[in-house]
Amino acid sequence: MKKANKYNFQNWVVLCMAFFFLAFTSDKISPRLQQKLESAVQTTFEVEDFELQPMNVDLGEDSLFKILLQNEILGYAYLGKAPSMKDIFDYVVLFNPDLSVKKTKVLIYRENHGRQIGSQRWLKQFIGKTSENSLEYGTDIDAISGATISAKSMTKAVNGVLEKMKLLQANNNI
């Protein structure tokens, strides 16, 4: 009887641990972030009914989606996180089907300082960039007074996204 109880307890512990780890490794994004992502796609691609299809590629904590309209590819959405001065911010890079940047947008910024990187006036510098471009903050991308850390971080993030897209394309994942 003791042996059966021991196995039941072990099975219960393993089951609890599995649920615990699955809860912290979920690939789901928050409803607020999902809503902001969908809004960015709607306004950028000027569509109402579209599908965000998650792509099964390993990007760590980041996510890549195909943007589909009636089973035709409108573009791609790369959802990522980047560090600001004391926290992180969520951003999206929206791509045309040819993998040129259609738009970049800061979706959730969690600090009061450095919010200037969310302005479309600054973010429009990334439009049209491709994996052939190497972006350097202060040279290719204008500096922002008061948002130096976040602006450098966003520039570095977009550079990284462009490199990842180049690799995905080279490996026929896109």
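Conventions we followed
Residues numbered from 1 in each chain as written. Predicted model: local features only at pLDDT ≥ 70, side-chain atom pairs only at ≥ 80, totals over all residues. Heavy atoms only, no water. Salt bridge = Lys/Arg side-chain N within 4 Å of Asp/Glu carboxyl O. Buried < 20%, exposed > 50% of the residue type's maximum accessible area, 1.4 Å probe, protein only. pLDDT = per-residue confidence, 0-100. Contact = heavy atoms within 4.5 Å. Helix = DSSP H or I, 4+ residues; strand = E, 2+ residues; numbered from the N terminus. Polar contact = N/O pair within 3.5 Å; in protein donor to acceptor, adjacent residues only side chain to side chain. Expected span 1.5 Å × (residues − 1). Core = buried A, V, L, I, M, F, W, Y, C linked by side-chain atoms within 4.5 Å. Pairing = 2+ DSSP bridges. Axes fitted to C-alpha atoms, helices over the stretch in contact; angles between N-to-C directions.

A. The arrangement of the pattern of salt bridges in detail. All chains considered together, the criterion is met by 3 salt bridges. With a closest N to O distance of 2.7 Å, Lys81 and Asp90 form a salt bridge. Lys81 gets classed as partly exposed once you look at its relative accessible area, which sits at 35%. Using a relative accessible area of 1% as the deciding quantity, one classes Asp90 as buried. What you see here is one network of salt bridges that share partners, running through Lys81, Asp90 and Arg110.

B. View of the confidence of the model for the chain. Residue-level pLDDT values for the chain average 88, and 84% of them are 70 or greater. For residues 12-26, every residue scores under 50 in pLDDT, and the model assigns this stretch 0 contacts once sequence neighbours within four places are set aside.

C. View of unusual backbone geometry. Look at Glu46: it is not a glycine, yet its phi comes out positive at around 55°. By relative accessible area, which is 72% here, Glu46 ends up exposed. Although it is not a glycine, Leu99 adopts a positive phi angle of roughly 70°. Along the polypeptide, Leu99 turns up in the loop between strand 4 (88-95) and strand 5 (101-109).

D. Fine view of the side chain of Ser150. With respect to the helices and strands, the residue Ser150 is situated in helix 4 (residues 148-170). Residue Ser150 is classed as buried on the basis of its relative accessible area, which comes to 3%. There is a polar contact of 2.6 Å between the side chain of Ser150 and the side chain of Tyr109. Leaving out residues up to four positions away in the same chain, Ser150 has contacts with Ser84, Met85, Phe89, Tyr109, Gly114 and Ile117.

E. How the structure looks around the side chain of Ser131. Its place among the elements puts Ser131 in the loop between helix 3 (120-123) and helix 4. Judged by its relative accessible area of 15%, Ser131 falls in the buried class. Sequence-distant contacts of Ser131, that is, excluding residues within four places in its chain, are made with Leu162, Glu163 and Lys166.

F. Representation of helix 4 within the structure. Taking 1.5 Å per residue, 23 residues should reach 33 Å; helix 4 reaches 33 Å between its end C-alpha atoms and fits that length. For helix 4, the set of buried residues is Ser150, Ala151, Ser153, Met154, Thr155, Ala157, Val158, Asn159, Val161, Leu162, Met165 and Leu168. Of the surrounding secondary structure, the elements contacted by the buried residues of helix 4 are strand 2 (63-69), strand 3 (72-83), strand 4, strand 5 and helix 3. Following helix 4 by one or two positions, Asn172 has its phi on the positive side, about 60°.

G. How the structure looks around the nonpolar core. Among the nonpolar cores identified, the biggest contains 31 residues, and Tyr78, Tyr91, Phe95, Ile117, Trp122, Phe126 and Met165 are the most heavily contacted of them. Counting residues per element, the ones that place at least two in this core are strand 3, strand 4, strand 5, helix 3 and helix 4. Here this core gets 8 residues from one element, more than from any other, and that element is helix 4. The residues contacting Tyr91, other than those within four sequence positions of it, are Asp62, Tyr78, Leu79, Gly80, Lys81, Ala82, Lys105, Val106, Leu107, Met154, Ala157 and Val161. Core analysis: the second largest hydrophobic core is formed by 16 residues, Ala40, Val41, Phe45 and Ala77 among them.

H. Structural view of the sheet that holds strand 3. Spatial strand order, 1-2-3-4-5: 5 strands in an open sheet with antiparallel pairing. On the outer flanks of this sheet lie strand 1 (51-54) and strand 5, each paired with one strand and no other. In this sheet, adjacent strand axes meet at a mean angle of 25° when their direction is disregarded. Where strand 2 and strand 3 come together, 7 bridges link them in antiparallel fashion. Looking at the pairing, Ser63 lines up with Leu79 of strand 3. Sheet strands touched by helix 4: strand 2, strand 3, strand 4 and strand 5. Its angle to strand 4, the strand with the most contacts, is close to 45°.

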